[in-house]
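Overview (structure and organization)
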Amino acid sequence: MRTRLTEMLGIEHPVVQGGMQWVGLAELASAVSNGGGLGILTALTQPTPEDLEKEIRRCREMTDKPFGVNLTILPTIKPVPYEEYARVIIESDIKIVETAGRNPEPFLPPYKAAGITVIHKCTSIRHSLKAERIGVDMVSVDGFECAGHPGEDDITNFILLPLAARRLTIPFIASGGFGDGAGLAAALALGADGINMGTRFMATKEAPIHEKVKQAMVEASELDTALIYRTLRNTARVFRNGIAEQVLEIEAQPGETKFEDIRELVQGVRGREVYSQGDLDHGIWSAGMVVGLIDDIPTCGELIGRIVEDAEKIIEERLAGVTSARESAPKWRQAANESA
Ligand code: NAD
């Protein structure tokens, strides 16, 4: 498959692995890139900018294909030296950056000067248009189905993607709810240049997380996610575990919720232990609605290959079959075909 995404990033398949806190390590990013997609390291998973530099070097030893780095700017418990992380990205000669959270405008001049392709993750059309206006190269349009931060508008990809196709000139990637070939075919039909997957890549052999987490994703249904931090306007879609239920109970109490009321429960370091120890109720961990579509744990290469193959089959056989079935078409349809 060739799209503006594969052309601009120099990758084989239109499949991107988005930034994921505690999961976007070299093992996963390199496996996705080696599988023909675009792997992305998550900058803030590294405790310091120096550690990010080492992780980029480690990833280069594991793949000679293109990979990117995600630098998300959202509220954090400890202050983050974002400029330092950005400096490491530039000095390490990374050529693809995924930005998310806040407006990336202050970072664009140095990224552009370094010849970096910037993909900005947006959860609304107004933010996508703004991103195009300020000069990002591509947007990742993140629907309400997604894991992590879906924004506050709650618009699903069936609306967001056609709107993006109508209004944007730059290429865009469909993100949120994708995990199989039908999803890729649908994203292309809706106007996107490819798909971004996070949750689906967590349930792969190379994802650097505990087997119990992967198994929980296989067993989960589409009902097993929850939206927390709604009351703080920093909504996050996470796996519906005991901690998420406790946070929801606190948020449902009358009066204003203060971050202090839930801080102890939600700290990222507890979530990191879920991934490393496999204790599913130790902290908050991210998952999108697509958990309902996950039923195995393949390698990243197998997963990408299968998604592309299935999408091609859907486009070339099922969809082409639908449009070519003229003889059996109803009379009104035949007449319409003839006059066209
Ligand atoms: P952390 O330990 O600093 O905070 C834990 C959670 O609480 C995060 O979701 C954070 O956004 C939220 N939070 C912190 N302070 C807050 C406040 N004052 N008000 C409201 N919410 C607050 O986070 P971490 O696990 O070390 O992750 C670092 C950052 O990267 C976070 O902002 C996280 O959201 C973000 N991130 C998100 C994604 C994603 O959406 N998929 C991916 C990568 C990173």
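Residues numbered from 1 in each chain as written. Predicted model: local features only at pLDDT ≥ 70, side-chain atom pairs only at ≥ 80, totals over all residues. Heavy atoms only, no water.

**Considerations on the domain arrangement of the chain**
Taken domain by domain, the chain consists of domain 1 (4-208) and domain 2 (225-286). Distance from the C-alpha centre of domain 1 to the C-alpha centre of domain 2: 24 Å. At the interface, 17 residues of domain 1 touch 17 residues of domain 2. Both sides together, the interface formed by domain 1 and domain 2 hides about 1400 Å², and carbon and sulfur atoms give 57% of it. Area buried by domain 1 at its contact with domain 2 is led by W22, I77 and E152, which between them contribute 45% of it. Inspection of the domain 1/domain 2 interface yields 2 salt bridges. Across the salt bridge formed by D154 and R230, the nearest N and O atoms sit 2.8 Å from each other. The interface formed by domain 1 and domain 2 holds 11 residue pairs in polar contact (both at pLDDT 80 or more) in total. Residues of the side of domain 1 that touches domain 2, tallied by class, amount to 10 nonpolar, 4 polar and 3 charged. (Domains from an automatic or database assignment. Contact = heavy atoms within 4.5 Å. Buried area = accessible area lost by both parts, 1.4 Å probe. Salt bridge = Lys/Arg side-chain N within 4 Å of Asp/Glu carboxyl O. Polar contact = N/O pair within 3.5 Å; in protein donor to acceptor, adjacent residues only side chain to side chain. Nonpolar A, V, L, I, M, F, W, Y, C, P; charged D, E, K, R; others polar.)

**Some points on the nonpolar core**
Core analysis: the largest hydrophobic core is formed by 77 residues, its most contacted members being L71, I89, Y111, V139, I195, F201 and W285. With 6 residues, the single largest contributor to this core is helix α14 (residues 300-324). Split by domain, the residues of this core number at least three in each of domain 1 (4-208) and domain 2 (225-286). Each residue touching W285, except ones within four places of it in the same chain, is listed here: M202, V213, A216, M217, V238, F239, N241, V274, Y275 and L280. Of all hydrophobic cores here, the second largest spans 11 residues; its members include Y229, I243, A244 and L265. (Core = buried A, V, L, I, M, F, W, Y, C linked by side-chain atoms within 4.5 Å. Buried < 20%, exposed > 50% of the residue type's maximum accessible area, 1.4 Å probe, protein only. Helix = DSSP H or I, 4+ residues; strand = E, 2+ residues; numbered from the N terminus.)

**Let's talk about the site of the ligand**
The immediate surroundings of the ligand are formed by 18 residues, with P75, I77, H149, N234 and G268 found nearest. Here P75 contributes a backbone N or O atom positioned 2.8 Å from an oxygen atom of the ligand. H149 places a side-chain nitrogen or oxygen 2.8 Å from an oxygen atom of the ligand. Class assignment for the residues of the shell around the ligand results in 9 nonpolar, 9 polar and no charged. Counting contributing residues, the shell around the ligand receives three or more from each of domain 1 (4-208) and domain 2 (225-286). (Near = heavy atom within 4 Å.)

**A word on the pairing of strand β6 (residues 138-142)**
Sheet faces and side chains relate simply in a regular strand, where the side chains alternate between the two faces. Most of β6 sits inside the fold, with 5 of its 5 residues counted as buried. As paired elements, strand β5 (residues 117-122) and β6 share 4 bridges and run parallel to each other. The partner of C122 across the bridge, within β6, is V141. Crossover β5 to β6 through helix α6 (residues 125-134) is right-handed. Examined bridge by bridge, β6 and strand β7 (residues 172-175) share 4 bridges and lie parallel to one another. Along β7, the bridge assignment pairs V139 with F172. Handedness of the crossover joining β6 and β7 through helix α7 (residues 157-167): right-handed. (Pairing = 2+ DSSP bridges. Right-handed = clockwise from strand over helix to strand, strands pointing away.)

**With respect to the packing of aromatic side chains**
Taken as a whole and judged by the stated rule, the model has 3 aromatic pairs. When the ring of F107 is compared with that of Y111, the centres are 6.2 Å apart and the planes differ by 25 degrees; the resulting orientation is stacked. There is no split in this pair, since F107 and Y111 are both buried. Here F239 and W285 contribute two aromatic rings whose centre-to-centre distance is 4.2 Å and whose plane-to-plane angle is 15 degrees, an arrangement assigned as stacked. Of the two residues, F239 is situated in strand β10 (residues 236-239) and W285 in the loop between α13 (268-277) and α14; the sequence distance between them amounts to 46 residues. A relative accessible area of 1% means that W285 is categorised as buried. An aromatic cluster of at least three residues, connected via ring pairs, comprises F239, Y275 and W285. (Phe/Tyr/Trp six-rings, centres within 6.5 Å; stacked < 30°, edge-to-face > 60°.)

**Digging into a nonpolar patch on the surface**
On the surface, I155, F158 and I159 cluster together into a nonpolar patch covering about 310 Å² of accessible area. Mapped onto the elements of the fold, I159 is located in helix α7. Residue classification places I159 among the partly exposed positions, given a relative accessible area of 49%. (Patch = residues over 30% accessible without salt bridge, like charges linked within 9 Å, V, L, I, M, F, W, Y side chains within 5 Å. Areas by Shrake-Rupley, 256 points an atom, 1.4 Å probe, with all protein chains shown as cover.)

**Some thoughts on the environment of M202**
Here M202 lies in helix α9 (residues 199-202). Note: C-alpha distance between M202 and E256 (54 residues apart in sequence) is 34 Å. Setting aside its immediate chain neighbours within four residues, M202 contacts M20, V23, A207, I209, K214, M217, Y275, W285 and S286.

**Let's talk about helix α2 (residues 26-34)**
Most of α2 sits out of view: 7 of its 9 residues are buried. Those residues of α2 that fall on the buried side of the exposure criterion are A26, L28, A29, S30, A31, V32 and S33. If you follow the buried residues of α2, they end up packed against β1 (15-17), β2 (39-42), α3 (49-62), β3 (67-73), α9 and α14. Just past α2, the residue G36 takes up positive phi, approximately 100 degrees.

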